[in-house]
Amino acid sequence: MSESNNKQYFFWLLLLLTSYFIFQMLVYKSGFSGVSGDDFFRALMTYEWRESPYLVSSSFGLISVLWFPTHFWITGLIYSLTNNLVISLTGVSILFSLIGLFILFHLAKTLFNRQTGYITILLAGFLPWQIWLGISMTEMTMYFSSILAGFMFFIKWQKDRKPYQLFLSSISFLLATMFRPEGWLFEGLFSAYLAIFFIRNRMHLSKRGYVIVSMIIPCLFILSWITYNFTEFGSPVYFLQINKTAVQNQLQLDAVTSYINGLKPFFLMLIVSPVLFLLTILSLVICFCSLKKNQRNYLIFILAQLAVMVAASIYGAGTTAAPQRYVLINIILLAPFAAYILNLLWNKRYGYIAVVFFLCIHLGINGFKS
């Protein structure tokens with residue numbers, strides 16, 4: 001890449017990230033208070049950590065069981081340095097939302113090309129839920145960044161087969177498991193893929209031991225958390241049982257048929273962004289047969305995770321607070337396919353007019369909703 005191309009690349013990426021940050025600040029200054037009551041409780045738990053550092057909180061009943069402590073370790077440490085609770089939590093969300101978009105660009109660029117990366121940020125970065133979570137006091141942007149980094153390094157490893165790329169991917173998925181239980185779904189698929197890869201390629205342990213290590217690393221927190229649940233509550237999946245009970249009691253899911261529960265993730269994705277959701281489906285139909293192996297593997301990962309989410313919804317797991325945030329990562333991960341189709345259209349004669357028109361409508365709707 002020439003020096004002029006490098007400068008142009010950094011200019012457009014910096015412009016997009018700066019525009020996103022400015023828009024974030026406008027929404028924050030307009031009186032944004034939080035995506036749900038979770039913001040308030042997470043602030044309380046961060047305050048508790050600053051006052052008396054803990055491994056797992058025991059002060060907030062069910063919340064202490066349902067929420068992993070990693071977010072509070074980080075924000076509590078920052079709060080002890082800044083002495084400002086709101087800025088500590090919101091500042092972390094803002095920082096990781098920018099990091100997440102930076103990684104998303106490189107993920108789309110690795111999957112397709114640089115132009116697709118720019119369009120991906122325009123499609124997914126300015127979604128209202130992305131903006132709101134980016135200035136909330138929740139752990140979601142830290143979780144999103146971990147998932148995106150895991151996939152980015154994984155795709156790079158599929159191309160280059162460099163061990164350090166797989167190590168970085170496994171560490172990223174480990175971090176994802178430490179923020180959200182949905183991260184366990186991605187990690188399970190990641191480890192399963194590596195196990196199949198190891199077996200199919202008949203790798204000798206001494207020669208390809210890094211694959212085994214990378215398969216084990218993301219499981220470390222999962223093993224620790226289920227051990228804690230078993231030791232403290234007598235069941236390794238106690239936190240999931242509590243979640244199911246709480247959701248069913250509040251939403252009365254027993255009165256809803258199973259297939260309706262199973263469709264919930266797709267309904268939520270449609271609510272988050274009808275335009276992007278429908279464009280993504282259309283894009284997958286158009287480009288599926290032309291996808292390369294690494295692109296198809298990436299897509300299978302996301303669809304498999306969605307399938308497990310559907311099964312979990314049928315089982316009764318879920319949330320009663322702002323459920324749209326739990327499917328936002330799926331829309332973000334699928335956005336490069338929609339961006340790729342728009343990039344192809346851009347290169348057609350007069351196609352750029354249609355792409356610019358579409359992006360203006362998309363961004364206009366998002367700005368109005370935000």
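Definitions and limits used
Residues numbered from 1 in each chain as written. Predicted model: local features only at pLDDT ≥ 70, side-chain atom pairs only at ≥ 80, totals over all residues. Heavy atoms only, no water. Helix = DSSP H or I, 4+ residues; strand = E, 2+ residues; numbered from the N terminus. Buried < 20%, exposed > 50% of the residue type's maximum accessible area, 1.4 Å probe, protein only. Polar contact = N/O pair within 3.5 Å; in protein donor to acceptor, adjacent residues only side chain to side chain. Contact = heavy atoms within 4.5 Å. Patch = residues over 30% accessible without salt bridge, like charges linked within 9 Å, V, L, I, M, F, W, Y side chains within 5 Å. Areas by Shrake-Rupley, 256 points an atom, 1.4 Å probe, with all protein chains shown as cover. Salt bridge = Lys/Arg side-chain N within 4 Å of Asp/Glu carboxyl O. Axes fitted to C-alpha atoms, helices over the stretch in contact; angles between N-to-C directions. Left-handed = near helix turned anticlockwise from the far one by under 90°. Nonpolar A, V, L, I, M, F, W, Y, C, P; charged D, E, K, R; others polar.

(A) Up close: the side chain of Ser 136. Within the fold, Ser 136 resides in the loop between helix H7 (128–134) and helix H8 (140–160). Judged by its relative accessible area of 0%, Ser 136 falls in the buried class. Here Thr 138 takes part through its side chain, which lies 2.9 Å from a polar atom of the side chain of Ser 136. Residues in contact with Ser 136, not counting those within four places in the same chain, are Phe 32, Val 35, Asp 39, Leu 89, Thr 90 and Ser 93.

(B) A nonpolar patch on the surface, seen in detail. A grouping of Leu 270, Leu 278, Ile 281, Leu 282, Val 285 and Ile 286 is seen on the molecular surface, where their side chains present a nonpolar patch of about 560 Å² in accessible area. Per-element accounting of the nonpolar patch gives the leading share, 5 residues, to helix H15 (residues 274–287). By the element assignment, Leu 270 lies in helix H14 (residues 258–272). According to the relative accessible area criterion, Leu 270 is partly exposed, its value standing at 32%.

(C) Broad picture of the packing of H8 against helix H17 (residues 328–346). In contact at an axis separation of 11 Å, H8 and H17 are set at 35° when each is read in the N-to-C sense. As for how H8 packs across H17, the hand of that crossing is right-handed. Facing Tyr 143, Phe 144, Ile 147, Leu 148 and Phe 151 of H8, the residues of H17 in contact are Leu 328, Ile 329, Ile 332 and Leu 333. Looking at the contact of H8 with H17 residue by residue, the classes come out as 9 nonpolar, no polar and no charged.

(D) Geometry of the pattern of salt bridges. The full count for this structure, using the stated rule, is 5 salt bridges. A salt bridge links Arg 325 to Asp 38, with the nearest nitrogen and oxygen atoms 2.6 Å apart. Linking Arg 325 in the loop between helix H16 (293–315) and H17 with Asp 38 in helix H2 (residues 38–51), this pair joins segments that are 287 residues apart in sequence. The burial state of Arg 325 is the same as that of Asp 38; both residues are buried. Residues Glu 139 and Arg 180 are paired through a salt bridge, measuring 2.9 Å at the closest nitrogen-oxygen approach. A residue pair is termed long-range when its members are at least 10 positions apart, and Glu 139 in the loop between H7 and H8 and Arg 180 in the loop between helix H9 (163–179) and helix H10 (182–200) qualify at 41 residues. Put simply, Arg 42, Glu 139, Arg 180 and Glu 182 are held in one network by salt bridges that share partners.

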